[in-house]
Amino acid sequence: MALLFPDKRKAITGQFFINDSLIRQSSRKAYLKIRNWKNSFTVSEEAEVNYQQQFDNLVRNSFFNAVSNKYILHKEKFHERPTEN
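Residues numbered from 1 in each chain as written. Predicted model: local features only at pLDDT ≥ 70, side-chain atom pairs only at ≥ 80, totals over all residues. Heavy atoms only, no water.

1. A short note on the overall build of the protein chain
Piece 1. Assigned secondary structure in the protein chain consists of three helices and zero strands.
Piece 2. If you list the helices and strands of the protein chain from N to C, you get α-α-α.
Piece 3. Every one of the 85 residues in the protein chain was classed for burial, and the buried ones make up 0%. (Helix = DSSP H or I, 4+ residues; strand = E, 2+ residues; numbered from the N terminus. Buried < 20%, exposed > 50% of the residue type's maximum accessible area, 1.4 Å probe, protein only.)

2. Some details on the pattern of salt bridges
Piece 1. The full count for this structure, using the stated rule, is one salt bridge.
Piece 2. Here R24 and D20 are joined by a salt bridge, their closest N and O atoms 2.4 Å apart. Here R24 pairs with D20, and both are found in helix α1 (residues 8-41), just four residues apart, close to one helical turn.
Piece 3. Judged by its relative accessible area of 54%, R24 falls in the exposed class. (Salt bridge = Lys/Arg side-chain N within 4 Å of Asp/Glu carboxyl O.)

3. Structural notes on the packing of aromatic side chains
Piece 1. Applying the stated rule across the entire model yields one aromatic pair.
Piece 2. Taking 5.5 Å as the distance between ring centres and 70° as the angle between the ring planes, the aromatic pair formed by F16 and F17 counts as edge-to-face. (Phe/Tyr/Trp six-rings, centres within 6.5 Å; stacked < 30°, edge-to-face > 60°.)

4. Let's talk about the confidence of the model for the protein chain
Piece 1. Of the residues in the protein chain, 88% reach a pLDDT of 70 or more, and the chain-wide mean stands at 81.
Piece 2. At the low end of the mean pLDDT range in the protein chain sits helix α2 (residues 45-63), at 80; at the high end sits α1, at 88. (pLDDT = per-residue confidence, 0-100.)

Structure below.
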């Protein structure tokens, strides 16, 4: 099989540059993934305040709503069933 480069020094340097390029590209991808992963855990103070306000609003609106007695009786279909006392 014929070599791509007849001179072995050129073949070795060519293979070195190809491997170096692949390693550099893989390292760059790994670095970006690690940086993004670390940044996903870092929350700024503005975001923290925003998340806390959203959570407080969610809790306030879901657990502390005033519900009338008529609404509960209607949902439980109290007036549709005969009362047995």
